[in-house]
Amino acid sequence: MNPTLLHFEKAIKLGPTFAARMLGVAYPTYAQYRSGRRELQKYHARHIEALLLLPKPALLKLIERHANGN
């Protein structure tokens, strides 16, 4: 299991399906990153880092927008 992705999911309080959507990654690819079958790309790790640095209200708005498919 990829600790970066597990931490990301816990921090945004969403499961892997929505976490994949937040990163703009197809779920099957995300699942491979998560399980360790595929190495997480540096730009995805940096994207996660940037998302987690956002103020909580901004992050929640972004999550809501992406979770609704916008």
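Just so we're clear, the structure is a prediction, and the values are computed from it rather than from any experiment.

A. Broad picture of the pattern of salt bridges. Within the structure shown, the criterion is met by one salt bridge. Close ionic contact of Arg-34 with Glu-9 constitutes a salt bridge, the shortest N to O distance being 2.8 Å. Here the residue Arg-34 occupies a position in helix α3 (residues 27-35), and Glu-9 occupies one in helix α1 (residues 3-12), the gap between them amounting to 25 residues.

B. Representation of the side chain of His-44 within the structure. The residue His-44 is located in helix α4 (residues 42-53) in this model. When sequence neighbours within four positions are dropped, the list of residues in contact with His-44 reads Leu-23, Val-25 and Tyr-33.

C. Examining the nonpolar core more closely. Formed by 16 residues in total, the largest nonpolar core has its most connected members in Leu-5, Phe-8, Ile-12, Met-22, Leu-23, Tyr-30 and Leu-51. When residues of this core are traced back to their parent elements, those giving at least two are α1, α2 (16-23), α3, α4 and α5 (56-67). The element best represented in this core is α2, accounting for four residues. If we ignore the near neighbours within four places in the chain, the residues touching Tyr-30 are Leu-5, Phe-8, Glu-9, Pro-16, Ala-19, Ala-20, Leu-23 and Val-25.

Definitions and cut-offs
Residues numbered from 1 in each chain as written. Predicted model: local features only at pLDDT ≥ 70, side-chain atom pairs only at ≥ 80, totals over all residues. Heavy atoms only, no water. Salt bridge = Lys/Arg side-chain N within 4 Å of Asp/Glu carboxyl O. Helix = DSSP H or I, 4+ residues; strand = E, 2+ residues; numbered from the N terminus. Contact = heavy atoms within 4.5 Å. Core = buried A, V, L, I, M, F, W, Y, C linked by side-chain atoms within 4.5 Å. Buried < 20%, exposed > 50% of the residue type's maximum accessible area, 1.4 Å probe, protein only.

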